Amino acid sequence: MSEGIPGFSTLAIHAGAQPDPSTGARVTPIYQTASFVFDDVDHAASLFGLQAFGNIYTRITNPTTAVLEERVAALEGGTAALATASGHAAQLLAFHALMQPGDTIVAANKLYGGSINQLNHSFKSFGWNVRWVDPADMGAIEAAIDGTVKAIFIESLANPGGVVTDIASISAIARKHRVPLVVDNTLATPYLCRPIEHGADIVLHSLTKFMGGHGNSMGGILVDGGSFDWSADDRYPMLSKPRPEYDGLVLHETFGNFAFAIACRVLGLRDLGPAISPFNAFMILTGIETLPLRMQRHCDNAKAVAAFLKGHDKVGWVSYAGLEGDAYHGLQQTYMPKGGGAVFTFGLKGGYDAGVALVSNVQLFSHLANIGDTRSLIIHPASTTHRQLTDAQKTAAGAGPDVVRVSIGLEDAADIIADLAQALDPL
Ligand SMILES: *Cc1c(COP(=O)(O)O)cnc(C)c1O
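How each quantity is defined
Residues numbered from 1 in each chain as written. Predicted model: local features only at pLDDT ≥ 70, side-chain atom pairs only at ≥ 80, totals over all residues. Heavy atoms only, no water. UniProt positions renumbered as here; feature names shortened; annotations may be inferred. Helix = DSSP H or I, 4+ residues; strand = E, 2+ residues; numbered from the N terminus. Buried < 20%, exposed > 50% of the residue type's maximum accessible area, 1.4 Å probe, protein only. Domains from an automatic or database assignment. Contact = heavy atoms within 4.5 Å. Buried area = accessible area lost by both parts, 1.4 Å probe. Salt bridge = Lys/Arg side-chain N within 4 Å of Asp/Glu carboxyl O. Polar contact = N/O pair within 3.5 Å; in protein donor to acceptor, adjacent residues only side chain to side chain. Nonpolar A, V, L, I, M, F, W, Y, C, P; charged D, E, K, R; others polar. Phe/Tyr/Trp six-rings, centres within 6.5 Å; stacked < 30°, edge-to-face > 60°. Lys NZ or Arg CZ within 6 Å of the ring centre and 35° of its normal.

- The name that an unreviewed UniProt entry assigns to the protein is O-acetylhomoserine aminocarboxypropyltransferase, with the source organism given as Roseibium aestuarii.
- For the protein, the Cofactor (unreviewed entry) comment in UniProt is given as "pyridoxal 5'-phosphate".

## Focus on the environment of Gly147
Piece 1. With respect to the element layout, Gly147 can be found in the loop between α6 (138-143) and β4 (149-155).
Piece 2. By relative accessible area, Gly147 is classed as exposed at 60%.
Piece 3. Taking the C-alpha atoms as reference, Gly147 lies 9.2 Å from Arg235; in sequence the two are 88 residues apart.

## A closer look at the domain arrangement of the protein
Piece 1. The domain boundaries assigned to the protein delineate domain 1 (8-287) and domain 2 (292-424).
Piece 2. Each of domain 1 and domain 2 has a C-alpha centre, and these two points are 29 Å apart.
Piece 3. At the interface, 31 residues of domain 1 touch 29 residues of domain 2.
Piece 4. Carbon and sulfur atoms make up 64% of the area that domain 1 and domain 2 hide from each other, which totals about 2600 Å².
Piece 5. Linking domain 1 with domain 2 are zero salt bridges, by the criterion used here.
Piece 6. For the pair domain 1 and domain 2, the number of links is ten residue pairs in polar contact (both at pLDDT 80 or more).
Piece 7. For the side of domain 1 that touches domain 2, the secondary structure elements donating two or more residues are α1 (8-14), β6 (163-164), α7 (167-176) and α8 (189-192).
Piece 8. Here the side of domain 1 that touches domain 2 is composed, by residue class, of 15 nonpolar, 14 polar and two charged.

## Notes on the packing of aromatic side chains
Aromatic ring pairs are defined here through the distance separating the ring centres and the angle between the ring planes.
Piece 1. A complete count under the given rule lists 14 aromatic pairs for this structure.
Piece 2. Look at Phe95 and Phe153: their rings are 5.2 Å apart centre to centre, the planes differ by 75°, and that puts the pair in the edge-to-face class. With a gap of 58 residues between them, Phe95 in helix α4 (residues 87-98) and Phe153 in strand β4 connect regions that are remote in the sequence.
Piece 3. Through successive ring pairs, a cluster of aromatic residues spans Phe95, Phe123, Phe126, Trp128 and Phe153.
Piece 4. In this arrangement the basic side chain of Lys150 is found over the ring face of Tyr236, its NZ or CZ atom lying 5.9 Å from the centre.
Piece 5. Against the face of Tyr112 rests Lys209, its NZ or CZ located 4.7 Å from the ring centre.

What follows is the structure, given as structure tokens:
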């Protein structure tokens, strides 16, 4: 290893891991156990009182999961991380530590569809409000902030349209109003973009997608950027006020720049319960070891496929930030110069019927509702995920009748293009 901080590829393989202390196993074992034996009564008491770090029960910590957490924290440049059962569980736990009933999230209107549902419906039943804004409109973001706003929530690379967000400009607004900036970095991954370096305070992931990378395991994670002062006023009581269940401990005072990750674990994960299984943590850790290699190939393949589609006479438009001339190409060059990711949309001149025909004609592509697999994936949102909406609503959501979304896999680019060519020809 060279001196100083190891490079990204080295961290992807080594961060957080050591040979197993009891067996010498080189690969992090799957600690498939629900609970852990205490040394003695005093040890048990200190673990329960948060006076010592150690394992009690896999709902709260697990040694396999701990390696995953340390690794993703290192890759994102954060102080600590907390892995969860899914990406949505990470969102739930992050906002649970920030929000009280009556508080508001200012959220980008270009978010993953599941996140829009979570904020619009389930979170509202907790008394958490949402104010939707165009993430490209800095004036609208600033105008949406009032005393009830406890978080700004954006995606670095927004699903599904391949929209790159100006994280630094939004961070400047967040800092001015002393509100934490929460960034979902699922589509970019830290290989393409490290939001904390651009001013994000908290980074979230669905590990189910490119991080695990093989479409075989659900997981999520939240990363504490360590940058936010939770005690500057009394607006974040979970972090700044004494906790009755821990003998009056004040989390920010005790845990400093990783207090947010601790709060999400010892209050959110402990009480709400969406823990990741050690087996899934192991699968995702294995996936992350090849993240830099996979992500670069994903991007290179996606760029080749986007260029092919752009030149095809059945295709009306292609929205891929990695293509020169794209509306988001400038922001892509600033925030993710290694590539524009692998998820993008394009429009068929033949509209709805052409979209249905295309997903029926493909052979190599899988027709399903996921992204970030080694396999190339395709979906026609208007006939599937967005079918209940009116045409006007579909278009507003970026899922008009002509729109097709792809997640480009790791197959040979020539084979991916050939499959699309044979599927487009009969339209
Ligand atoms: C899939 C996804 C989520 C939700 O993650 P799950 O692991 O499916 O719960 C959140 N944000 C983005 C951008 C996603 O793609």
